[in-house]
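Listed below, chain by chain, are the residues.
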Amino acid sequence: MTDVRITGGCQCGAVRYALLQEPRNPHICHCRMCQKAFGSYFAPFAEVSRDAFDVTRGTLAIFKSSEPAERGFCRDCGTPLTIYTIGDDGIFIALGSLDRPADVRPQRQFGVEGRMPWFADLPPLPGEKTTEDDVPDLAARIAASNHQHPDHDTETWPPEGTGS
Ligand SMILES: [Zn+2]
Ligand SMILES: [Zn+2]
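Residues numbered from 1 in each chain as written. Chains lettered and ligands numbered in written order. Predicted model: local features only at pLDDT ≥ 70, side-chain atom pairs only at ≥ 80, totals over all residues. Heavy atoms only, no water.

Asks: Help me understand the coordination of the zinc ion (ligand 1), please; the structure alone is not making it clear to me.
Replies: Put simply, the ideal angle at a metal is 109.5 degrees for four donors in tetrahedral geometry and 90 or 180 degrees for six donors in octahedral geometry. The protein atoms donating to the zinc ion (ligand 1) are Cys-10 (SG), Cys-12 (SG), Cys-74 (SG) and Cys-77 (SG), with metal-donor distances spanning 2.3 to 2.4 Å. The coordination sphere of the zinc ion (ligand 1) comprises four donor atoms, whose angles at the metal cover 105 to 111°; the geometry is tetrahedral. Motif for the zinc ion (ligand 1), donor spacing along one chain: C-x1-C-x61-C-x2-C. Residue classification places Cys-10 among the buried residues on the basis of a relative accessible area of 5%. (Donors = N, O, S within 2.8 Å, 3.2 Å for Na, K, Ca; no water. Tetrahedral: all angles 85-135°; square planar, octahedral: opposite > 155°, others 65-115°. Buried < 20%, exposed > 50% of the residue type's maximum accessible area, 1.4 Å probe, protein only.)

Asks: Got a minute to help me understand the sheet that holds strand β5 (residues 53-57) in this structure?
Replies: Sheets are built from strands that pair by backbone hydrogen bonding, the pairs being arranged parallel or antiparallel. If you walk across this open sheet you meet the three strands as β1-β2-β5, and the pairing is antiparallel. A strand with exactly one partner marks an edge of an open sheet, and here the two such strands are β1 (6-9) and β5. Along the sheet, successive strands turn relative to each other by an average axial angle of 30°, direction set aside. Pairing of strand β2 (residues 16-19) with β5, which is carried by four bridges, proceeds in the antiparallel orientation. Paired with Leu-19 across the two strands is Phe-53, which belongs to β5. (Pairing = 2+ DSSP bridges. Helix = DSSP H or I, 4+ residues; strand = E, 2+ residues; numbered from the N terminus. Axes fitted to C-alpha atoms, helices over the stretch in contact; angles between N-to-C directions.)

Okay, structure coming up:
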């Protein structure tokens, strides 16, 4: 194995993982099953060998979206993390869960029959940044009670003294 180590995990931090090889075949999938599984318009995935997928904290919960397909997610916060087709050598990782998701750029689209008819119209839509800076009270409340795991590995989580 190489010295590649690409980390990620769920929103709450109960499940953390490391990829021990560069992910292959990065793509987005527009199929209806991925839309439902992610509550989103598409799902971003790339593949690593199963023995290069190391769950370093917690365990994946599994929902079998069909007989051969196991979708792995965090039981505590619901973040979708993997899809594994029984019998495959590889497992697909949900790229939004990476600590550095911008590092893996999608190369293809799958399930395009399910693609939203206005998908190409999204980037030109009017945009604005998150409004936290404009709403100081809200920003402070979020900062004081942020339960999202940071985008790096942690020794202990949640931080000691937070009472959970
Ligand atoms: Zn979680
Ligand atoms: Zn799909």
